[in-house]
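Descriptive analysis of the structure
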Amino acid sequence: MTDDISAGPPASDAPLSADGYAGDPAVRAEWDNRYADRRQLWSGRPNGALVAEVAGLTPGRVLDVGCGEGADAVWLARTGWDVTAVEVSGVALERATGHARDASLTVRWVHAALTEAALPPASFDLVSAQYPALLRTPEAAAERALLAAVAPGGVLLLVHHAGMDTQQAHEGGFDPADYVWPSMVTALLDDDWEVEVDEQRPRVAPDGGAGAHHTDDLVLRARRLR
């Protein structure tokens, strides 16, 4: 079992904390607080869209973006994938590493924001981002990081809650305009990519956990041709 949650050197211009976290400390603190408020934030079971879309793929190297408490990462490792999982929350990663250890599974944990994780480029057969909270930037850094991680012949699977991208800013501070949505990634795809799935469909949701009230998914599955 690999418990190194700072695997791989951070990018040279990334903020780096004493415990190896690479990214914005405020974002880390926000997510740490969310996880600390509950003993378990998510259902503990893999996301339905991931299970459905991975069914026909041959296991290889996978990047789990925003792995949370590790349900997807553990399921992928159990089904034969070589898993690297990225997460900003140290609280979530502690839970994730414990779940993998209890299952005697190996996962490489990276405590970083996606854009600061210094991941090997074009090296993952599958990049899975299930309902990620990726902050939008003028240079589309998160979108480009997702695409850059996919190896030639590999697949990007991006799943999000349908309808959230068109909502107005909430009084609680959530503004959809601050985040990356599948349509923004689709807009960056060129002739090096083939879109295999781009649709809205009913969500196959695990019972319980935050977000269980969302009923429909946006699913983008794109294959990198070269």
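Shown above is the structure to which this text applies.
Throughout what follows, the structure given in this document is the object of discussion. (Residues numbered from 1 in each chain as written. Predicted model: local features only at pLDDT ≥ 70, side-chain atom pairs only at ≥ 80, totals over all residues. Heavy atoms only, no water.)

A word on the pattern of salt bridges
- Taken as a whole and judged by the stated rule, the model has 10 salt bridges.
- For R28, the salt bridge is made with D32, and the minimal N-O distance between the two is 3.5 Å. With R28 and D32 both in helix α1 (residues 25-36) and 4 residues apart, this pair spans about one turn of that helix.
- By relative accessible area, D32 is classed as buried at 15%.
- Between E53 and R201 there is a salt bridge, and its shortest N-O distance comes to 2.6 Å. (Salt bridge = Lys/Arg side-chain N within 4 Å of Asp/Glu carboxyl O. Helix = DSSP H or I, 4+ residues; strand = E, 2+ residues; numbered from the N terminus. Buried < 20%, exposed > 50% of the residue type's maximum accessible area, 1.4 Å probe, protein only.)

Digging into the environment of A71
- In this structure, A71 sits in helix α3 (residues 71-78).
- For the pair A71 and A96, spaced 25 residues apart in sequence, the C-alpha separation works out to 7.4 Å.
- Every residue in contact with A71, bar those within four places of it in the chain, is listed here: G44, R45 and P46. (Contact = heavy atoms within 4.5 Å.)

Thoughts on the packing of α1 against helix α4 (residues 90-102)
- The geometry of α1 relative to α4 is characterised by a closest axis approach of 7 Å and an angle of 55° between their N-to-C directions. Accordingly, the angle class assigned to the pair α1 and α4 is oblique. On α4, the residues touching D32, Y35 and A36 of α1 are G90, V91, A92 and R95.
- Across the contact of α1 with α4, the residue classes break down as 4 nonpolar, 1 polar and 2 charged. (Axes fitted to C-alpha atoms, helices over the stretch in contact; angles between N-to-C directions. Parallel < 35°, antiparallel > 145°, perpendicular 65-115°, else oblique. Nonpolar A, V, L, I, M, F, W, Y, C, P; charged D, E, K, R; others polar.)

Quick look at the nonpolar core
- Core analysis: the largest hydrophobic core is formed by 27 residues, its most contacted members being V54, L76, W81, V83, V107, W109 and L126.
- Taken together, the elements giving at least two residues each to this core come down to α2 (48-54), α3, β2 (82-87), α4, β3 (107-111) and β5 (150-161).
- Ranked by size, the runner-up nonpolar core spans 25 residues in total, among them A142, A149, L220 and A222. (Core = buried A, V, L, I, M, F, W, Y, C linked by side-chain atoms within 4.5 Å.)

Brief notes about the packing of aromatic side chains
- On inspection of all chains with the given rule, the structure shows 1 aromatic pair.
- Ring plane angle 40° and centroid distance 6.3 Å describe the contact between W31 and Y35, whose orientation is recorded as tilted. Of the two residues, W31 and Y35 both sit in helix α1, 4 residues apart, roughly one turn of that helix.
- On the basis of relative accessible area, W31 is assigned to the buried category, the value being 15%. (Phe/Tyr/Trp six-rings, centres within 6.5 Å; stacked < 30°, edge-to-face > 60°.)

Observations regarding the side chain of D217
- With respect to the helices and strands, the residue D217 is situated in strand β7 (residues 216-224).
- Within the buried set, D217 has no salt-bridge partner at all; the shortest N-O distance to an opposite charge, 4.1 Å, is to R203.
- Within polar-contact distance, the side chain of D217 engages the side chain of Y131 at 2.9 Å.
- For D217, the residues in contact, after removing those within four places along its chain, are A49, Y131, V159, H160, H161, A162, E199, Q200, R201, R203 and V204. (Lys, Arg positive; Asp, Glu negative; His and termini not counted. Polar contact = N/O pair within 3.5 Å; in protein donor to acceptor, adjacent residues only side chain to side chain.)

Considering the environment of A122
- Counting through the fold element by element, A122 comes out in the loop between β3 and β4 (124-130).
- According to the relative accessible area criterion, A122 is partly exposed, its value standing at 29%.
- Sequence separation between A122 and A148 is 26 residues; the distance between their C-alpha atoms is 5.6 Å.
- Non-local contacts of A122, meaning those with residues more than four positions away in its chain, are made with A148, A149, V150, A151, P152 and R224.

A short note on helix α5 (residues 141-149)
- Taken together, the buried positions of α5 are occupied by A142, E143, L146, L147 and A149. Relative to the axis of α5, the buried residues are bounded by an arc of 170° and lie together on one face. (Arc of directions from axis to C-beta.)

Comments concerning the sheet that holds β4
- Sheet architecture is open: 7 strands sit in the order β3-β2-β1-β4-β5-β7-β6, paired in mixed fashion. Only two strands of the sheet have a single partner each, and these edge strands are β3 and β6 (193-202). With direction set aside, neighbouring strand axes in the sheet form an average angle of 15°.
- Of the pairings in the sheet, the one linking β2 to β3 comprises 5 bridges and is parallel in character. Following the sheet pairing, E87 is matched in β3 by H111.
- Contacting β1 (61-65), β2, β3 and β4, α3 crosses the sheet at an angle of about 170° to β2.
- Contacting β2 and β3, α4 runs over the sheet at an angle of about 175° to β3. (Pairing = 2+ DSSP bridges.)

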